[in-house]
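Next come the chains, spelled out residue by residue.
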Amino acid sequence: MAKKIRVNSTNSKVLSGKLFITELKALLVSKSKVLAELIEYDNNIVYPNIGKLVEYKGAYIRVTK
């Protein structure tokens with residue numbers, strides 16, 4: 001079973017069915033070698049009031065904050 005990361009509206013955005021996470025969340029996730037391979041730093045966006053977001057291609061759980 002694949003690990004899932006926990007994300008919320010302050011550290012991630014879903015656009016066109018793709019999950020984008022903040023660079024801080026990406027840094028925390030990348031401590032796991034398996035999860036680090038699922039981060040696509042080349043595919044990124046800049047979102048207002050949040051900053052740069054990078055694509056995450058793995059499983060996730062969306063929680064409300």
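Residues numbered from 1 in each chain as written. Predicted model: local features only at pLDDT ≥ 70, side-chain atom pairs only at ≥ 80, totals over all residues. Heavy atoms only, no water.

Draft legend 1. How the structure looks around unusual backbone geometry. Unlike most non-glycine residues, S16 shows phi in positive territory, near 55 degrees. Judged by its relative accessible area of 78%, S16 falls in the exposed class. (Buried < 20%, exposed > 50% of the residue type's maximum accessible area, 1.4 Å probe, protein only.)

Draft legend 2. Spotlight on the nonpolar core. With 10 residues, the main nonpolar core is built from I5, V7, L19, I21, A26, V29, L35, I39, V54 and Y56. In this structure, L35 is in contact with K3, I5, V29 and Y56, ignoring residues within four places of it in sequence. (Core = buried A, V, L, I, M, F, W, Y, C linked by side-chain atoms within 4.5 Å. Contact = heavy atoms within 4.5 Å.)

Draft legend 3. Up close: the pairing of strand β2 (residues 12-15). Relative to strand β3 (residues 18-22), β2 is paired through 4 bridges, and the arrangement is antiparallel. Bridge pairing in β3 links S12 to I21. (Pairing = 2+ DSSP bridges. Helix = DSSP H or I, 4+ residues; strand = E, 2+ residues; numbered from the N terminus.)

Draft legend 4. The side chain of E55, seen in detail. Looking at the element boundaries, E55 is found in strand β5 (residues 51-56). Buried and unpaired, E55 has no salt bridge, with K57 as the nearest side chain of opposite charge at 4.6 Å. Polar contacts involving the side chain of E55 include one to the side chain of N43, which spans 2.3 Å. Excluding anything up to four places from it in sequence, E55 contacts K18, L19, F20, L38, I39, E40 and N43. (Lys, Arg positive; Asp, Glu negative; His and termini not counted. Salt bridge = Lys/Arg side-chain N within 4 Å of Asp/Glu carboxyl O. Polar contact = N/O pair within 3.5 Å; in protein donor to acceptor, adjacent residues only side chain to side chain.)

Draft legend 5. Focus on the side chain of S12. In this structure, S12 sits in strand β2. Overall, S12 belongs to the buried group, its relative accessible area being 0%. A distance of 2.5 Å separates a polar atom in the side chain of S12 from a polar atom in the side chain of R62. Apart from the residues lying within four places of it in its own chain, the contact partners of S12 are V7, L19, F20, I21 and R62.

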